[in-house]
Amino acid sequence: MNIAIYYTHCESLGHTTRVLNITNYIKKKYGDGVNIMVLQGGREQPYIKHCGETINLPKPNYGRHYFYIGKNKKKNGPDIVKERVDMMKKALEKFNPDVFITELFPLGRDDCVMEIMPILK
């Protein structure tokens, strides 16, 4: 079974810890019968790599300076969103996941809609 997980973060450990817990549980439960790909939408976090294959998306939207919602909120323009979506599509087509998990979206940051909805479709 192939499982792809998308997440993004503000350079804190909250979202990263959730993803690490999810991937560790899946690996413990299913062992070698599962492959995991993490689509990481925030700034690169090298310690996430032990989860499985990790794809760090280019030009992340979030960082520590955007931690508080509504404060200096930045949105990627259409060219950057297209670059990120194209990178995810290419990786997902190659990986061919049976399960796709989004951590946070759609119940959290609604500004992720522009890059996640094309993937879900």
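Use the structure listed above.
(A) Quick peek at the sheet that holds strand S1 (residues 2-7). Strands sit in the order S3-S2-S1-S4 across an open sheet of four strands; the sheet is parallel. Of all strands in the sheet, those with a lone pairing partner are strand S3 (53-56) and strand S4 (99-102), marking the two edges. For this sheet the average axis-to-axis angle between neighbouring strands, irrespective of direction, equals 15 degrees. Helix H2 (residues 78-95) contacts S1, strand S2 (35-40), S3 and S4 of the sheet and is inclined by roughly 180 degrees relative to S2.

(B) View of the nonpolar core. Judged by nonpolar contacts, the single largest core of 15 residues is most densely connected at Tyr6, Met37, Leu39, Ile55, Met88 and Leu92. Sorting the residues of this core by element identifies S1, S2, H2 and helix H3 (113-120) as the ones contributing at least two each. Broken down by element, this core gets its largest block of residues, six residues, from H2. Ignoring sequence-local partners within four residues, the contact set of Met88 consists of Tyr6, Leu39, Leu57, Glu115 and Ile119.

(C) Spotlight on the pattern of salt bridges. Going through the model one piece at a time under the given rule, you end up with three salt bridges. Among the salt bridges present, the one from Lys59 reaches Glu83, with a minimum N-O distance of 2.8 Å. Of this pair, Lys59 sits in the loop between S3 and H2 while Glu83 sits in helix H2, and the two are 24 residues apart along the sequence. Where Lys82 meets Asp86, a salt bridge forms, and the shortest distance between an N and an O atom there is 2.7 Å. Of this pair, Lys82 and Asp86 both sit in helix H2, separated by four residues, roughly a single helical turn. Of the residues examined, Lys82 reaches a relative accessible area of 52% and is grouped as exposed. Note on Asp86: relative accessible area 35%, which makes it partly exposed.

(D) Spatial organisation of the packing of aromatic side chains. If you walk through the whole model with that rule in mind, you get zero aromatic pairs. When the ring centre of Tyr30 is taken as origin, the NZ or CZ atom of Lys29, which lies over that ring, is 6.0 Å away.

(E) Looking closely at unusual backbone geometry. The phi dihedral of Asn96 is positive, around 55 degrees, even though this residue is not glycine. Here Asn96 is to be found in the loop between H2 and S4. Residue Asn96 is classed as exposed on the basis of its relative accessible area, which comes to 54%.

(F) Summary view of H2. Between its first and last C-alpha atoms H2 spans 25 Å; for 18 residues at 1.5 Å apiece the expected length is 26 Å, and the two agree. Asn96 occupies a position one or two residues after H2 and carries a positive phi of about 55 degrees.

Calculation criteria
- Residues numbered from 1 in each chain as written.
- Predicted model: local features only at pLDDT ≥ 70, side-chain atom pairs only at ≥ 80, totals over all residues.
- Heavy atoms only, no water.
- Pairing = 2+ DSSP bridges.
- Helix = DSSP H or I, 4+ residues; strand = E, 2+ residues; numbered from the N terminus.
- Axes fitted to C-alpha atoms, helices over the stretch in contact; angles between N-to-C directions.
- Contact = heavy atoms within 4.5 Å.
- Core = buried A, V, L, I, M, F, W, Y, C linked by side-chain atoms within 4.5 Å.
- Buried < 20%, exposed > 50% of the residue type's maximum accessible area, 1.4 Å probe, protein only.
- Salt bridge = Lys/Arg side-chain N within 4 Å of Asp/Glu carboxyl O.
- Phe/Tyr/Trp six-rings, centres within 6.5 Å; stacked < 30°, edge-to-face > 60°.
- Lys NZ or Arg CZ within 6 Å of the ring centre and 35° of its normal.
- Expected span 1.5 Å × (residues − 1).

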